[in-house]
Amino acid sequence: MDNVQRSDGRWVSVGDIVASPSFNGRGIIKRIDRTPHGIQVTVSFKQPVGSSQPGVALNENREHAFNPNELVAQRGRQREDILRQALRRQRDTGHPLDGSWLTTEELEFLLELGRKASGRQQDTRPTAHPGAADAGIRITRLLGEAIGAAQLITAGGDGEYGKPRLLTEIASMVASPDPARAARLLGDAERVARSSAAVWGSQPVIDVAKAVVATDPDRALRLARSITNESGRAHALADIARALAAADPDRAARVFDDAERLARSITGWAMRMIALKAVAVAVAATDPDRALRLARSITEDLKRESALVAIAEALAAADPDRAARVFDDAERLAQSMTDENPKARALAAIARALAATDPDRAARLLDDAERLAESITHLHSKSVTLRILVEALAGTDPDGAERIAWSIPNPGRENWGEDQKALALAVIATAVAATDPDRAARLLDDAERLARSMAIQPPSALAKAMAATDPDRALRLARSILMDGLLKVRALVVIARALATTDPDRGVRLLDDAERVARSITDNPYLRAQALVDIAKAWAEW
């Protein structure tokens, strides 16, 4: 364990300088263990226990165990000196500090030191923009808090499904400055993924396998082969093979062989189709012949069509003639479908892929897709399909896209249609902003009005679409509409990123706001941890 909460609500962490009323001298917490009798904190004392004489030699090997409630964290000059040294080390190496042990007061102290140091160096070492000098410290603090929140996610509780992926995200961010800590986090992620597989299935294990494949392909393969669900195992092997393809093409080919054999051996038809599509899409970039053979063995129309489109896109740059023939196959397959909803979406996917190279054909396909979408009787499916058509059409025919957007129906249940309509209008506004800013502003007015009328939270994608064109509007929407904490954090992060080059001061303030919102999430440790990681990622790009 890296830290533990005392009964008074305070935290003590590995690396803290502490004292105990029952002993003289100060020590450093070396480790925190969970024992059958409770939490045990092992402290290595800097003076021999029982001695308070000044100048006594340090004794780092004198360790004693305590209940965390017995310990008193030490502050004062020595602590400030340690923090100053930590700041200098961070500046010299350029790496984030391993500072999950920092209190809020200490973080503020470090930030102030950082600002002073930055001011002294301003003439000789320019920073990218305000806030850049603090980024490493902020990232360290955010990730430390995220790890603490992740430790509170319990088995069977909210967030257990996403905990392995969350831990792998944190591990990837701390791997360079602290590989040992990254390894511990990946170990925790693997344990959670394996122990919860019976409840949550194979996806958490796949997430961990994909996270370790670049640094430890043997471990990734062991994880993939431990998945009991055959379709999930084939999917994981295909993803690992794709990740290996550039560095070790021979091994990647062998893993693709394993994935294909497994996919073809699955007895359940639906799961076999899913696995075959996953392998076909994964191998498309490195072995298009094999990908095509796999795709043509898929007997479920929509999956075969989407696999063919992915393969054609992979071929387009290197072999455009062959890609065109594969698109032909995909279109013939899509036109043969009898269900209007998947057929319309399939045609839209082909049109979107062809928009840049064959706009006339793309327009014809979108016309066909629109006619099919209008005949869909299930209103929610119809609203989603029409929004997909708008996204495919916005860049080449904004008039047609807007006409379709306004035709999106509202099924009357929790405003399902209104959120699709608002998002569609924002997508069109983004597409026309550079050439027709007045029209973009009008579309965003309409999108904002619809968003405010919703009985449910607007999709976070709406804030993203608005932020690209009108950050002020996106910010007003994010602050005025009742969102849960994670959605609001993500909206603020998206807007801050949009402002990074045009108004970095304001972007920094929005990331500060996002931190305050994240720390206000107290009822769900997974949401709190994910929000903190999202903010840390934004700082890493700053």
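Since we're looking at a predicted model, the values are computed, not measured.

### A few points about the overall build of the protein chain
Here is step 1 of the chain: On a plain count of helices and strands, the protein chain comes out with 25 helices and seven strands.
Here is step 2 of the chain: Looking at the protein chain alone, contacts between residues at least 24 apart form 57% of all its contacts between residues at least 6 apart.
Here is step 3 of the chain: By element, 49% of the accessible surface of the protein chain is carried by carbon and sulfur atoms, the whole surface being about 25300 Å².

### Let's talk about the side chain of S381
Here is step 1 of the chain: Tracing the chain through its elements places S381 in helix α17 (residues 379-393).
Here is step 2 of the chain: A polar contact of 3.1 Å, which involves the side chain of S381, links it to the side chain of H378.
Here is step 3 of the chain: Not counting residues up to four positions away in its chain, the partners in contact with S381 are N341, R345 and I376.

### Some thoughts on the nonpolar core
Here is step 1 of the chain: One finds I170 and W539 to be the most contacted residues of the largest nonpolar core, which totals 144 residues.
Here is step 2 of the chain: For this core, the element with the most residues is helix α25 (residues 525-541), which contributes nine residues.
Here is step 3 of the chain: Of all hydrophobic cores here, the second largest spans six residues; its members include I29, I32, V43 and F66.

### Concerning the environment of R516
Here is step 1 of the chain: Tracing the backbone through its elements, the reader meets R516 in helix α24 (residues 504-519).
Here is step 2 of the chain: R516 gets classed as exposed once you look at its relative accessible area, which sits at 53%.
Here is step 3 of the chain: C-alpha of R516 to C-alpha of L532: the two residues are 16 residues apart in sequence and 9.9 Å apart in space.

### Details of the packing of helix α9 (residues 230-244) against helix α10 (residues 249-265)
Here is step 1 of the chain: Relative to each other, α9 and α10 sit at 165°, their axes nearing to 8 Å. Taken together, α9 and α10 sit at an angle that is classed as roughly antiparallel. Considering how the two elements wind past one another, α9 and α10 form a crossing that is left-handed. Two secondary-structure elements touch here, α9 through E230, R233, A234, L237, A238, A241, R242 and L244 and α10 through P249, R251, A252, V255, F256, D258, A259, L262 and A263.
Here is step 2 of the chain: Looking at the contact of α9 with α10 residue by residue, the class counts come to twelve nonpolar, no polar and five charged.

### Notes on the pattern of salt bridges
Here is step 1 of the chain: Summed over all chains, the structure comprises 44 salt bridges.
Here is step 2 of the chain: With a shortest N-O distance of 2.6 Å, D258 and R225 are connected by a salt bridge. Of this pair, D258 sits in helix α10 while R225 sits in helix α8 (residues 217-225), and the two are 33 residues apart along the sequence.
Here is step 3 of the chain: Given the relative accessible area of 24%, D258 is considered partly exposed.
Here is step 4 of the chain: Residue D445 pairs with R473 through a salt bridge whose shortest N-O separation is 2.7 Å. A residue pair is termed long-range when its members are at least 10 positions apart, and D445 in helix α20 (residues 437-453) and R473 in helix α22 (residues 471-480) qualify at 28 residues.
Here is step 5 of the chain: A relative accessible area of 6% places R473 in the buried class.
Here is step 6 of the chain: Each of R138, R141, E145, D512, E515 and R519 takes part in one network of salt bridges that share partners.

### Overview of helix α11 (residues 269-283)
Here is step 1 of the chain: With 15 residues, α11 ought to run about 21 Å at 1.5 Å a step, and its terminal C-alpha atoms sit 21 Å apart, in line with that.
Here is step 2 of the chain: Within α11, the full set of buried residues consists of M273, A275, L276, A278, V279, A280, A282 and V283.

### Some words on α25
Here is step 1 of the chain: Taking 1.5 Å per residue, 17 residues should reach 24 Å; α25 reaches 25 Å between its end C-alpha atoms and fits that length.
Here is step 2 of the chain: Among the residues making up α25, those that are buried are Y526, A529, Q530, A531, L532, V533, D534, I535, A536, A538 and W539.
Here is step 3 of the chain: Those residues of α25 that are buried lie in contact with α3 (135-150), α4 (163-174), α23 (485-499) and α24.
Here is step 4 of the chain: The residue sitting at the N-terminus of α25 and contributing the capping side-chain oxygen is N524; that oxygen lies 3.1 Å from the backbone nitrogen of Y526.

### A look at the packing of α23 against α24
Here is step 1 of the chain: Remark: α23 packs on α24, axes separated minimally by 8 Å, with the N-to-C direction vectors making an angle of 170°. Relative to α24, the element α23 lies roughly antiparallel. Of α24, the residues touching α23 (which contributes G485, K488, V489, L492, V493, I495, A496 and L499) are P504, R506, G507, L510, L511, D513, A514, V517 and A518.
Here is step 2 of the chain: For the contact of α23 with α24, the class distribution of residues is twelve nonpolar, two polar and three charged.

### Quick look at the environment of A182
Here is step 1 of the chain: Relative to the elements of secondary structure, A182 occurs in helix α5 (residues 179-195).
Here is step 2 of the chain: Looking at A182, the relative accessible area reads 5%, which means it is buried.
Here is step 3 of the chain: For the pair formed by A182 and I170, sequence separation is twelve residues and the distance between their alpha carbons is 7.7 Å.

### Topic: the environment of K343
Here is step 1 of the chain: For K343, the location among the structural elements is in helix α15 (residues 340-354).
Here is step 2 of the chain: With ten residues separating them in the primary sequence, K343 and L333 have C-alpha atoms 9.2 Å apart.
Here is step 3 of the chain: Aside from chain neighbours lying at most four places away, what touches K343 is A334, Q335, M337 and L372.

### Observations regarding the side chain of S196
Here is step 1 of the chain: Looking at the secondary structure, you find S196 in the loop between α5 and α6 (197-200).
Here is step 2 of the chain: A distance of 2.7 Å separates a polar side-chain atom of S196 from the backbone oxygen of V192.
Here is step 3 of the chain: Excluding anything up to four places from it in sequence, S196 contacts E160 and G201.

### Here's the deal with the confidence of the model for the protein chain
Here is step 1 of the chain: Averaged over all residues, the pLDDT of the protein chain is 81; the fraction at 70 or higher stands at 76%.
Here is step 2 of the chain: Across residues 46-61, where pLDDT falls below 50, the model places 29 contacts with residues more than four positions away in sequence or in other chains.
Here is step 3 of the chain: Of the regions scoring below 50 in pLDDT, residues 74-78 engages in eleven contacts with residues more than four places distant in sequence or in other chains.

What counts as what
Residues numbered from 1 in each chain as written. Predicted model: local features only at pLDDT ≥ 70, side-chain atom pairs only at ≥ 80, totals over all residues. Heavy atoms only, no water. Helix = DSSP H or I, 4+ residues; strand = E, 2+ residues; numbered from the N terminus. Contact = heavy atoms within 4.5 Å. Areas by Shrake-Rupley, 256 points an atom, 1.4 Å probe, with all protein chains shown as cover. Polar contact = N/O pair within 3.5 Å; in protein donor to acceptor, adjacent residues only side chain to side chain. Core = buried A, V, L, I, M, F, W, Y, C linked by side-chain atoms within 4.5 Å. Buried < 20%, exposed > 50% of the residue type's maximum accessible area, 1.4 Å probe, protein only. Axes fitted to C-alpha atoms, helices over the stretch in contact; angles between N-to-C directions. Parallel < 35°, antiparallel > 145°, perpendicular 65-115°, else oblique. Left-handed = near helix turned anticlockwise from the far one by under 90°. Nonpolar A, V, L, I, M, F, W, Y, C, P; charged D, E, K, R; others polar. Salt bridge = Lys/Arg side-chain N within 4 Å of Asp/Glu carboxyl O. Expected span 1.5 Å × (residues − 1). pLDDT = per-residue confidence, 0-100.

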